[in-house]
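# Structural characterization, general
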Amino acid sequence: MPVPIIKETRQDMKHVIHTSILITIASLTIFANDFFPSKHKIEGSRKNSSLTKDSTSSVNNLIIKKTTNRQAFPIVAIIDTGVDTQHPWIAKNLWQNVGEIGTDINGHDKQTNQVDDDGNGYIDDVHGWNFANSDSDLTDNNGHGTHIAGIIANKARPQVQMMILKIYDEHSKISPLAATAKAIAYATKMGAQVINYSGGGLTPDIDEKISLTQAAAKNILVIAAAGNEGAKLDSSPFYPASYNLSNIVSVAAINRYHQLLSASNYSENKVDIASLGH
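Residues numbered from 1 in each chain as written. Predicted model: local features only at pLDDT ≥ 70, side-chain atom pairs only at ≥ 80, totals over all residues. Heavy atoms only, no water.

This part covers the packing of aromatic side chains. Scanning the entire structure with this criterion turns up 6 aromatic pairs. Between Tyr122 and Tyr186, the ring centres sit 5.1 Å apart and the planes meet at 80°, which makes this aromatic pair edge-to-face. With a gap of 64 residues between them, Tyr122 in the loop between helix H2 (88-91) and strand S3 (128-130) and Tyr186 in helix H4 (residues 176-189) connect regions that are remote in the sequence. Relative to Tyr186, the ring of Phe131 lies with its centre 5.8 Å away and its plane at 75°, an arrangement referred to as edge-to-face. (Phe/Tyr/Trp six-rings, centres within 6.5 Å; stacked < 30°, edge-to-face > 60°. Helix = DSSP H or I, 4+ residues; strand = E, 2+ residues; numbered from the N terminus.)

Given below as C-alpha cells:
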C-alpha cells in the first residue's frame, strides 16, 4: 500500500472521491524497468511532499466509493506497452468506447468494421488505441502494461474502467515521447479521470506538457513515478512528473518498512506519495 502525501491543492478535484483507485494506481508506477529507450523508460517522477532520503511514514486506510453502475466507474487510462485483453481480470474491466459498440447502418459490427464510427479520428478504438503503431491492436509484446493493468484490475475490480493506450513497441518507428503526447490528448478527449503513466525522461517536451496542461484543465489526475536514478528531483528533474502542474501525482518507491529505496528519486518538494516498489 502507498503512503499518501497528496497536496491540499488537489482536494477540490471532483474525482478525488475515487482516492482508493488513485492510490492503487500510484502503487504501480514505481517498479523499476528499462523497457523504453533512454528518453522514455517505464518509470516516472514529481512534486510537493515531505519525502526525503531518510523519511519513513505510516500507511493510511482509504475507502473505495461503491457503485453498481459500470458507466459511473472511474475511467483509468493506462499509458504503457499495451495489454493482454483476454486476461480474465483485465477483460471484465476494459473501458468501452460506446461510439464503437453495436452495429453500423450496414449491419456490420462497429468494433471491427474498419470505420471511425464516432468520428474521433481513430478507427475501431473500442478499448483504446495503439499510438506506437497507429492502429487499434493493443497486444502487449512486452508484458509491462499487462502487469500494470492486472494489478489495477485485481485491486479495484469491478470499480474501474481501464482505457488502454499503447505507446511503446520494440519494433515501432514512432518515438514513445511523441506517442505519449497523443495518448494523453486522447485520454483527455475520451473522458479519462485518471491517467497512469509509468514512463519518463530527463528532458521536458513541449507537446507532452501541452497535453498534460489540457488534462489538468479537465481535472484529470496523472500518476507518474518519481524515477529510479536515486537522484534528488529538485536538482535533477524527471519528466513528466517534474512539470509544474497541479494534476500530477509523483510516486517514490519504498520498501515494506516504509523506507525509501536507494534507487528511487526523492524530494521534499517534488514527490507527492510513496509506495512499495523494487
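A word on helix H5 (residues 206-217). Along its 12 residues, H5 runs 17 Å from first to last C-alpha, staying within 8% of the 16 Å computed at 1.5 Å per residue. Along H5, the positions that sit buried rather than exposed are Glu208, Ser211, Leu212 and Ala215. Each buried residue of H5 sits inside an arc of 95° when the element is viewed along its axis, so together they form one side. Across H5 from its buried face, at more than 90 degrees, point the exposed residues Ile206 and Ala217. The inward-facing, buried residues of H5 abut H4, strand S5 (194-197), strand S6 (221-225) and strand S7 (248-254). Capping the start of H5 is the job of one residue whose side-chain oxygen sits 3.2 Å from the backbone nitrogen of Asp207: Asp205. (Expected span 1.5 Å × (residues − 1). Buried < 20%, exposed > 50% of the residue type's maximum accessible area, 1.4 Å probe, protein only. Arc of directions from axis to C-beta. Contact = heavy atoms within 4.5 Å. Polar contact = N/O pair within 3.5 Å; in protein donor to acceptor, adjacent residues only side chain to side chain.)

Judged by how many residues are buried, S7 sits mostly within the fold: 7 of 7 residues are covered. Where burial is concerned, the two faces of S7 agree: the one with Ile248, Ser250, Ala252 and Ile254 and the one with Val249, Val251 and Ala253 are both buried. Looking at chain direction, S7 and strand S9 (residues 273-276) are connected through 4 bridges and run parallel. The residue of S9 that forms the bridge with Ala252 is Ala274. (Pairing = 2+ DSSP bridges.)

This brings us to H4. With 14 residues, H4 extends 20 Å from end C-alpha to end C-alpha; this agrees with the ideal 20 Å at 1.5 Å per step. Burial analysis of H4 places 10 of its 14 residues in the buried class, the great majority of the element. Within the span of H4, buried status applies to Pro176, Leu177, Ala179, Thr180, Ala181, Ala183, Ile184, Tyr186, Ala187 and Thr188. On its buried face, H4 is in contact with strand S2 (75-80), S3, strand S4 (161-166), S5 and H5. Among the residues trailing H4, Gly191 stands out with phi positive, at a value near 95°.

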